[in-house]
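Examining the three-dimensional arrangement
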Amino acid sequence: MLNEKRILESINFPFVIRLEYFYQDNSFIYFVMPFVCGGNIHTHMKRHGSMDEDKARFYFSEVLLAVEYLHKLDLVHRDIKPENILIDINGHAQLADFGFCKHLKGRTYTFCGTAEYLAPEIIHRKGYGKAVDYWSLGVLLYEMLANRSPFVDYRDPGKLFSNIVNGEYSCPLGFSGNVMNLLRNILKVDVTRRYGNLANGIRDIKKHKWFGDMDWCAAFNRSVTPPYVPEISDTFDTSNFEKQHGKLFYGASKDMFGDIFKDF
């Protein structure tokens, strides 16, 4: 939690969630962030189905810029997935949940993340770097277009990791040649050949034919018109999120964890 707080305090970017305030009581610590009222990409696809390539390109480009920013700060996110991409009141993406994020120069060996989005090198436990985020971006792009993971075998769920480490997936009918080519180059098991991790870095992705004549400055300035703007009744409207059924927790009368979080 201390690591996540330090990271959230240090970042400020149009497509990344920010920390407004933090505090603690006798039982809990709190991160206060802006209310991003549009829900997340996962809930959006559950309600509206898969996206066409224009819509997916919009969200993918904004998350790609967020990853580029994080990597410039030597931060690797390690949990890029539809649930962690929020949609703000104007329809733009916000990358959230920095619980697995790490300041990284070189390699790390921690096995963490969400199974469907893990890069092969994480599963092999031989050390990995920032390139794991590009793999997750490839899975994200596929999922936005197909509304399913590329590597999950619904007849045999146990084959998930095998499919990932072997790079075994197929594209549905309807995927354009350009997007299939981009996916082929991002979902490379060999990290030395994976787009984003080559000599040109993230420019190999940004200059790919799938993006056409994308104006990246306009994307950064949030001047590209979003394909979807959430409907809300007021600033407290939570209807774009799935219903939560957790119970309320109340603070204790004495400090329960003061020794652990005394410097929080």
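Residues numbered from 1 in each chain as written. Predicted model: local features only at pLDDT ≥ 70, side-chain atom pairs only at ≥ 80, totals over all residues. Heavy atoms only, no water.

Turning next to the overall build of the protein chain. Tallying secondary structure elements over the protein chain gives nine helices and six strands in all. Whereas a compact globule of 264 residues would reach a radius of gyration of roughly 18 Å, the protein chain reaches 19 Å, a difference of no more than 12%. Each of the 264 residues in the protein chain was classed as buried or not, and the buried ones make up 48%. Contacts spanning at least 24 positions in sequence make up 68% of the contacts within the protein chain whose residues lie at least 6 apart. Carbon and sulfur atoms make up 51% of the accessible area of the protein chain, which totals about 13900 Å². For the protein chain, the centre of its 32 positive side-chain charges and the centre of its 32 negative side-chain charges are spaced 6 Å apart. (Helix = DSSP H or I, 4+ residues; strand = E, 2+ residues; numbered from the N terminus. Rg over C-alpha atoms; globule rule 2.2 N^0.38 Å. Buried < 20%, exposed > 50% of the residue type's maximum accessible area, 1.4 Å probe, protein only. Contact = heavy atoms within 4.5 Å. Areas by Shrake-Rupley, 256 points an atom, 1.4 Å probe, with all protein chains shown as cover. Lys, Arg positive; Asp, Glu negative; His and termini not counted. Charge placed at Lys NZ, Arg CZ, Asp CG, Glu CD.)

By the secondary structure assignment, Asp237 is in the segment after helix 9 (216-220). No salt bridge is formed by the buried Asp237. Its closest oppositely charged neighbour is Lys243, at 7.5 Å. Here Ser233 takes part through its backbone nitrogen, which lies 2.8 Å from a polar atom of the side chain of Asp237. Once residues lying within four places of it in the same chain are set aside, the contact partners of Asp237 are Phe35, Cys37, Glu231 and Ile232. (Salt bridge = Lys/Arg side-chain N within 4 Å of Asp/Glu carboxyl O. Polar contact = N/O pair within 3.5 Å; in protein donor to acceptor, adjacent residues only side chain to side chain.)

Following the sequence through the fold, Asn221 ends up in the segment after helix 9. When the C-alpha positions of Asn221 and Pro120 are compared, they lie 34 Å apart, and in sequence the two are 101 residues distant.

On to the pairing of strand 2 (residues 29-32). Here strand 1 (residues 21-24) runs beside strand 2; their pairing, made up of four bridges, is antiparallel. If you follow Tyr21 over to strand 2, its bridge partner there is Val32. Counting the residues that bridge the hairpin from strand 1 to strand 2 gives four residues. (Pairing = 2+ DSSP bridges.)

Now for the packing of aromatic side chains. Using the criterion set out here, one finds 18 aromatic pairs in the structure. Aromatic side chains Phe60 and Trp210 sit 6.2 Å apart centroid to centroid with 75° between the ring planes, which places their arrangement in the edge-to-face category. One end of the pair, Phe60, is in helix 3 (residues 53-72); the other, Trp210, is in the loop between helix 8 (203-206) and helix 9, with 150 residues separating them in the sequence. Of the two residues examined, Phe60 and Trp210, each falls in the buried class. Here the aromatic residues Tyr21, Phe22, Tyr23, Phe28 and Tyr30 are joined through ring pairs into a cluster of three or more. Here Arg125 stacks its cationic end above the ring of Phe111, 4.2 Å away from the centre of that ring. A cation over an aromatic ring shows up here: Lys206 above the ring of Trp216, its NZ or CZ 5.2 Å from the ring centre. (Phe/Tyr/Trp six-rings, centres within 6.5 Å; stacked < 30°, edge-to-face > 60°. Lys NZ or Arg CZ within 6 Å of the ring centre and 35° of its normal.)

Helices that pack against each other are described as a pair by the angle of their axes relative to one another and the distance between those axes. Between helix 5 (residues 131-146) and helix 7 (residues 177-186), whose axes approach to 9 Å, the crossing angle comes to 150°. The angle between helix 5 and helix 7 falls in the class roughly antiparallel. Between helix 5 and helix 7 lies a crossing of left-handed hand. Counting all contacts with helix 5, which are made through Tyr134, Trp135, Gly138, Leu141, Tyr142 and Leu145, the residues of helix 7 involved are Val179, Leu182, Leu183 and Ile186. (Axes fitted to C-alpha atoms, helices over the stretch in contact; angles between N-to-C directions. Parallel < 35°, antiparallel > 145°, perpendicular 65-115°, else oblique. Left-handed = near helix turned anticlockwise from the far one by under 90°.)

Every buried residue belonging to helix 7 is among Val179, Leu182, Leu183, Asn185 and Ile186, and all of these are buried. Within helix 7, the buried residues cover an arc of 165° as seen down the axis, which keeps them to one side. Summarising the contacts, the buried residues of helix 7 are in contact with helix 3, helix 5 and helix 8. (Arc of directions from axis to C-beta.)

Further remarks concern helix 5. Its 16 residues place the ends of helix 5 23 Å apart at the C-alpha level, agreeing with the 22 Å of an ideal helix rising 1.5 Å per residue. Taken from the residues just after helix 5, Asn147 is the one with a positive phi, measuring 60°. (Expected span 1.5 Å × (residues − 1).)

Moving on, we come to the UniProt feature "domain: Protein kinase" (unreviewed entry) in the protein chain. Per the UniProt record, "domain: Protein kinase" (unreviewed entry) is found at residues 1-211. Secondary structure within residues 1-211 divides into 37% helix and 9% strand; the distance between the first and last C-alpha atoms comes to 37 Å. (UniProt positions renumbered as here; feature names shortened; annotations may be inferred.)

Its place among the elements puts Asn163 in helix 6 (residues 160-166). Other than its neighbours up to four places away in sequence, Asn163 contacts Phe151, Asp153 and Glu168.

Apart from glycine, the bulk of residues carry a negative phi angle, and the bulk of peptide bonds sit in the trans form. Here the phi dihedral of Arg78 falls at roughly 70°; this positive angle occurs in a residue that is not glycine. By relative accessible area, Arg78 is classed as buried at 10%.

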